[in-house]
Every structure is written in C-alpha cells, then in structure tokens.
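# Examination of the molecular architecture
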Amino acid sequence: MTQTTYRDALLQALLDAMDADETVILMGEEVGLYGGAYGVTKGMLDRFGANRVIDTPISEPAIVGAAIGAAMTGLRPVAEIMYVDFAGMVMDQLANQAAKSRYMFGGQIGVPMVLRTQGGTGRSAAAQHSQSLEAWMMHTPGLRLCMPGTVSDAYHLLRDAMRQPDPVVFIEHKGLYTMKGEIGDVPDAPWGQPAIRRRGGDLTIASYSRMLQETLTAAEALAPEIETEVVDLRCLNPLDDGPLMDSVRRTGRCLIVTEAVTTCSVASEIAARVSEQCFDWLEEPPLRLGGEDIPIPVSPALERASIPDARLIEDVARWLVAREAPSWAA
Amino acid sequence: MTFANDAPLARYRTMRRIRTFEERVGELFLKGESAGSMLHLSIGEEAVVGLTDHMAEGDTFTTHHRGHGIFLARGADPMRMLAEIAGREAGYCRGKGGSMHIADRGLGHLGANAIVGGGIPHVVGAGITARNTGTRVVSVAFFGDGGMGQGILYEAMNMAALWKLPVVFCCINNQYGMGTRVDRSAGRQDFPARAEAFGLRAARADGSDVEAVHDAAQAIVEGARDGQPGFMEIDAYRFHGHARMDKSPYRTPEEEEEGRARDPLATARTSLADDTLLDTIDAEAEAEMDTAMKTAIAATPPASDTMFQDVYDPSTPAPRPQRARLADVLEERA
Ligand SMILES: Cc1ncc(C[n+]2csc(CCOP(=O)(O)OP(=O)(O)O)c2C)c(N)n1
Ligand SMILES: [Mg+2]
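Residues numbered from 1 in each chain as written. Chains lettered and ligands numbered in written order. Predicted model: local features only at pLDDT ≥ 70, side-chain atom pairs only at ≥ 80, totals over all residues. Heavy atoms only, no water.

Taken from the UniProt record, the annotation "domain: Transketolase-like pyrimidine-binding" (unreviewed entry) applies to residues 4-179 of chain A. Note that residues 4-179 of chain A is 37% helix and 18% strand, and that its end C-alpha atoms are spaced 8 Å apart. (UniProt positions renumbered as here; feature names shortened; annotations may be inferred. Helix = DSSP H or I, 4+ residues; strand = E, 2+ residues; numbered from the N terminus.)

We now examine the interface of chain A and chain B. Interface size, as often reported, equals the accessible area lost upon joining of the parts. Each partner contributes residues to the interface: chain A has 49 residues there, and chain B has 48 residues. Counting across the chain A and chain B interface gives 3 salt bridges. Across the pair Arg325 of chain B and Glu276 of chain A runs a salt bridge whose closest N-O atoms are separated by 2.8 Å. Elements represented by at least two residues in the side of chain A that touches chain B include exactly strand 2 (24-28), strand 3 (53-55), helix 3 (60-72), helix 4 (87-98), helix 5 (101-104) and helix 10 (266-278) of chain A. A breakdown of the residues in the side of chain A that touches chain B according to their chemical character gives 23 nonpolar, 16 polar and 10 charged. (Contact = heavy atoms within 4.5 Å. Salt bridge = Lys/Arg side-chain N within 4 Å of Asp/Glu carboxyl O. Nonpolar A, V, L, I, M, F, W, Y, C, P; charged D, E, K, R; others polar.)

Further remarks concern the coordination of the magnesium ion (ligand 2). Residue and element names in this part refer to chain B. All of the protein donors around the magnesium ion (ligand 2) are Asp145 (OD), Asn174 (OD1) and Tyr176 (O); their distances to the metal are 2.0 to 2.1 Å. Ordering the donors of the magnesium ion (ligand 2) by residue number gives the pattern D-x28-N-x1-Y. Separated by 31 residues along the polypeptide, Asp145 in the loop between strand 3 (139-144) and helix 6 (151-162) and Tyr176 in strand 5 (residues 176-177) bring together distant segments of the chain. Across the pair, Tyr176 and Asp145 agree in class, each one buried. (Donors = N, O, S within 2.8 Å, 3.2 Å for Na, K, Ca; no water. Buried < 20%, exposed > 50% of the residue type's maximum accessible area, 1.4 Å probe, protein only.)

A few words on the side chain of Glu60 of chain A. Take Glu60 of chain A: it is sitting in helix 3. With no salt bridge to any partner, buried Glu60 of chain A finds its closest opposite charge in Arg116 of chain A, at an N-O distance of 14 Å. In this structure Glu60 of chain A touches Glu29, Ile81, Phe86, Met89 and Val90 of chain A together with Glu155 of chain B, once residues within four positions along its chain are discounted. (Lys, Arg positive; Asp, Glu negative; His and termini not counted.)

All names here are of chain A. The domain architecture assigned to chain A consists of domain 1 (3-182) and domain 2 (195-322). Look at where the C-alpha atoms of domain 1 and domain 2 centre, and you get two points 26 Å apart. With 29 residues of domain 1 at the interface, the matching set in domain 2 holds 27 residues. Summed over both partners, the interface of domain 1 with domain 2 comes to about 2,200 Å²; 56% of that surface belongs to carbon and sulfur atoms. Asp153 is paired through a salt bridge with Arg234; the nearest N and O atoms lie 2.7 Å apart. In this assembly, domain 1 and domain 2 are joined by 17 residue pairs in polar contact (both at pLDDT 80 or more). Counting residues per element, the ones that place at least two in the side of domain 1 that touches domain 2 are helix 6 (134-138), strand 6 (144-146) and helix 7 (151-161). (Domains from an automatic or database assignment. Buried area = accessible area lost by both parts, 1.4 Å probe. Polar contact = N/O pair within 3.5 Å; in protein donor to acceptor, adjacent residues only side chain to side chain.)

Okay, the sheet that holds strand 9 (residues 195-198) of chain A next. Residue and element names in this part refer to chain A. A sheet is described by the order of its strands in space; here 5 strands give the open sequence 9-11-10-13-14, paired in mixed fashion. Edge positions in the sheet fall to strand 9 and strand 14 (287-291), since each of these pairs with one other strand and no more. On average, adjacent strands in this sheet sit at an angle of 25 degrees to one another, irrespective of strand direction. Pairing analysis gives 3 bridges linking strand 9 to strand 11 (residues 228-232), with the strands arranged antiparallel. (Pairing = 2+ DSSP bridges. Axes fitted to C-alpha atoms, helices over the stretch in contact; angles between N-to-C directions.)

Residue and element names in this part refer to chain A. Taken as a whole, this structure holds 10 aromatic pairs over all chains when the rule is applied. Each ring, one from Trp319 and one from Trp328, has its centre 5.7 Å from the other, and the planes form 80 degrees; the classification is edge-to-face. With relative accessibility at 31%, the residue Trp319 sits in the partly exposed group. Residue classification places Trp328 among the partly exposed positions, given a relative accessible area of 44%. Pairwise contacts between aromatic rings join Tyr6, Tyr38, Tyr83, Phe86 and Tyr177 into one cluster. (Phe/Tyr/Trp six-rings, centres within 6.5 Å; stacked < 30°, edge-to-face > 60°.)

With that settled, the discussion passes to the site of ligand 1. Residues and elements named next belong to chain B. As a matter of local geometry, ligand 1 sits amid 16 residues, with His65, Arg66, Ala114, Gly146 and Tyr176 nearest to it. For ligand 1, a nitrogen atom lies 2.8 Å from a polar atom in the backbone of Ala114. One of the backbone N or O atoms of Val116 is found 3.1 Å from a nitrogen atom in ligand 1. Taken by itself ligand 1 offers 580 Å² of open surface, and the protein chains cover 73% of this. Among the detected pockets, ligand 1 sits in the second largest pocket. Of the residues belonging to the shell around ligand 1, the class tally is 5 nonpolar, 9 polar and 2 charged. (Near = heavy atom within 4 Å. Areas by Shrake-Rupley, 256 points an atom, 1.4 Å probe, with all protein chains shown as cover. 1 Å grid on protein atoms, 1.4 Å probe; cavity = no way out; pocket = protein on both sides within 12 Å on 5 of 7 lines; lining within 4 Å. Sits in = over half its atoms within 2 Å of the grid points.)

Structure follows, in structure tokens:
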C-alpha cells in the first residue's frame, strides 16, 4: 500500500463519494477556487463544477442552513465550516435545526448532511481558532460526531459519514493534515465503534483525534514495563462504549486523554461512564487528562504547555500504574 | 359545496377555513386539550392565501411559529393538524412537534420553526436542489416582521440572489413581534427596499385584500420559478395576542379596533357580494372544523416508548432509556 497524508485521504474520500453519487455537493467558504483553507478540496471545483462545489459568502449560519434545506430535499451536502470555533455562529442551525428535524417532525424529514470542520491546537492560532468543541456536539441528541485520528480513518470515516441518514459533524485536526499513513482496504472498525489501537493489560487509555497519536507515542515509551491498551473513540456521538468498558474491566485502570478544556469534556463523560459501569473492577479512579481550563494562548510555549502531550501522558500513566510520582508532583 | 373554478371564491373559502380552524385551536386550548399554550393564531393574516395560490405541487416551504394558515392553504388535513397541536399520535408529527413544529414532507412543508428566522435558510438549500436536479419548483420561506431582525435572513437573501435560486422570502408583517411594534424594532420599515438592495424582486401588498396579495405575488413567485428570487411583504394586523395567554396590554383598544377593521375576510365578502353563497361556505367550514376537532380530541396520545424513536434514522439504534442504564449498573452490583 502507498503512503498518503491525512489531507489527501480526506480529499480522496470526497472525490470517491462525489464520483459515486451525483447528489453529493460541497459548500463552504473557499472550498472551490481557493481549494480549501487547509488545502483539502484542491482541484474539486475544476472536476465537478460550480453547481456541486459551491464557494459561499462568509455566512456560516446560512451555509449550514442551506445544507439542511438541500439535505431535506434530496441532496447529500457536505458543508464546510473553516474552524470549529465558528460553532458559535452555527449552533442554532446545527443543534436546533439539523439535529432535531427528524424528531420534531415525527420521523418524516431526515437531514443527511455532513458538516466538515477542523479544530485543535498546534499552530499558534490563538483563542478563537484552536478550540476542541466536540463536547457541544456530543451534548446534542440527533447529531452524529466523529473525529479521525489516523490516515485510514480520515478516508473511511468520511466515506461512512457521507452515507449516514442523519447529520454528522466531522471534526478534523489541523495538526494532522500532513501526517502520513496508509488507507486500509477496509475500515479499522465498523462505523460507530471504537478501534483498539494497541493491546495491553496494565492500563486503558481512551483518546481520539490528535491525542490518539500522542497516546500511542506514550504507550510505546511505557512498554515493556507498562503495557497500555489504547482505545480510539473515533465516533463520539452516539458513543458505543462497550469495547472501552470491556478493556477497563481487563486492566482495572482508565485514563482519558483529550485536547479539549477538561471541565464538562468528553473525558468527563467517559470518566462518569467508567465509574458507573466498571466500579467493581477499578483499582484506581478513572482519570481525566485534558486541556487546561483556559482559553488557548497564542505563544507557542504557552499553547504547548496548556494541552497534554506524550510526555505528560507517560508521566500520568506511570504514576497511575506504578506509583512513580513525576517531578512536577512534588 | 362545489363551485366552478372561481378563484376569488375559492380563496375566500380557504381563508374562512383558516379562520375557523384557528378559532377551534383557541377552543382546544380552553378545553385543556392542547399540548401547552404556545399557540400562535394567524387570524388577520389569512390573505397569505393570495401567495400560496401561486404555489404548485412539488413546491416546498418553511414557516415560522404562526404557520397554521399557511399549511392549511397548502392542503393540510385539519384533523391531523389539530391532533398534532393536541399532542396526539394521529398528528402530522405523531405528537412530537406540535403547533410550532408541524411539517409534512408530502405536502412540501419542510417544517414550522420556533426559532425566529430558523427555517429561512432551508429554502436556499431547497433552491440548490431544484437547480441541480433541474426541476421547476419554488421554495418559499414564510416568517414574521420579527424575522426581519435576524441576520440569517440577510445571509439567505444574499445567497439566493447570488445563485439565482427559485426562492421566495415572504414576510407576514402583522405589526408586532410579541409586544414590540415594528416601529420599535426597525429603523426603517421599508422591508421590500432591503430585499431589493440584495438583488431580489420585491413587493408589498395590502393584507386586508387577498386579491391584491394575489396580484402582487404572481410576479414574485413566477419570477422565482424562472430564477429571479423574490421577496414579498404582506401588510397585516395580528388580531389577537401573541400567544394564547397574551392579552396585548401594550396596545390600545382603539388601535386594535382599527387593526381588526383591516379584515381580509370582510373585504372579500364585500367584493364577492353573495351572502347566501358565502354563508353556506362559512357553515361548511364550521362543520368541517367541528368534525376535525372531535376526531382529534378523541385520538390517543402516543405511547411513552415512542419518545426514543426518530432521534436517529430507524435503521440505527435508538437512544437507550435511562432506566435501562441505571438498572444495568445497580443490578450488576447487587
Ligand atoms: C431566536 C428567537 N428569539 C426569540 C424568540 C421568542 N419569540 C417567539 S415569537 C417572537 C416574536 C416573533 O415576531 P414575528 O417574527 O413578527 O412573528 P409573529 O409572532 O408576529 O407572527 C419572539 C420574540 C424565539 N422564539 N426565537
Ligand atoms: Mg409579527
């Protein structure tokens, strides 16, 4: 298999879907002529024309609203919001319209659309262009949410998202676009389910998106003294927590790693579920390791320090499993 | 009663059916049979029929929270509407949506909306679908004067003009958004001028005269069908309070009297001038709505486990009931 990037895997998924189904359209700011703010949709305008690759004005609420109307009437729109931070602009259309239409209208009107966006830190993009707002999407019944953390998932999860009968929020990570990897012939796990990325008996670490990569780096460094089981949550809403709970029941320890602000995060939800479902199996309380409860600062030094990395994951894992207190604990 | 394709008479009948329907909705509330009190009557706004008469099968629309009349004008079954408003299983949305979220895909109703302006951009998407699939349908967004304050309207009008979509924005100006009269919410009240500034064809018509609305709406709707998006303001008066509990203490009896004199049904009666015939139409509307009301009230409420249905497509698992989750946790520890 040939190596490709996360960015090109996303592009490939869009190309394949648009070739296979002429009801698929793309719409968003700079998706056409410019080729996408992060270059994902380069070349698509030439290939599919302006009726299917639609450059829009800077009107996020109406981009999502128009995608909803197109989805209700038979198209399969992929709307792009350049940064997930602009969720503040679109939450009415997303949470009150897209997410609730099927339900409010008694099952008559589905909204089969994908909202592609990207988030996360790593580029010193500061407080309004670096957030991880997946908890907002997870807090909304009716939405589906996935966040690919590997090249293969970038392709397969996006293809799967575009086949869903319900709205899917698809959050890419700005720090992963240049990551290299292979696109598997089949998805690493079925749509909606977590993927076990590494087997181990001492500790379970649940993660997703870019933090999955940091977690895998940490797990490598921890071995062989500490064998870590790494669970990639990938599809967060609805969340199939079965494989994660099975893992925690085997290892008795659970650390959840996210880049998002920790309070009321995905990590908080997972910790609550682990407490409820694995109480008798736990050696230690489930631990959350997330972004600090602060806006993201611009200085690279501050930005880096505000979110977990492999080193910190390793520290916490050693403390949790081997009772080795890290230097910062003193 | 059947009569030859006499359009003004048919429009009168539709308007009368709307008014009688809305009166029954008011009674439904007084009987304690409605689901809640968030009921917004469109009495005084019946002349919207002048616009909906230009719509055809296949056309789609969204409405605001005061949309009963629009939906009836597009062919809704009053019994299923009342059942929905009463929260019954037989309702259009199986008792999940109610007055403010009524919809019917088959009749082109893409949904009533309780977020002011919330349904407006959906017609832009419907317009993209029409363009891309080469059908000659139009999509109409209906909203109130309050919607003129929402930014998403201007985003949507711009997109419709930019892409020349078969879309109409129809503002039913009943002079009030809750207790705020338009002169307290709009710096300049020339709404068609706003639409024209975006490149839409725009018109304003007297909402006390359904034939005037019909005449003005022709070019707007047909223009949209040909790719010239439009805007239509219907100048009306909200006869009653904002919702069922509102007694409108913020306006004077004199103003209300003047406003209610702008009655599209009275105007139509005067010009049609056949009292016997019109009385028959009125009696038929009463009988129709009485029957609809009886049937709706007798209908059963939805079973409680239907609450988990239709959060997601039925081909995928429904959300897990909380009791089942708690039972799992507590039984395992017993
Ligand atoms: C976004 C939003 N803001 C406020 C409200 C509360 N609200 C409901 S109806 C209404 C007035 C709407 O006025 P208008 O659009 O003119 O419609 P009308 O009720 O007159 O038909 C308000 C403020 C709401 N439902 N949605
Ligand atoms: Mg109003």
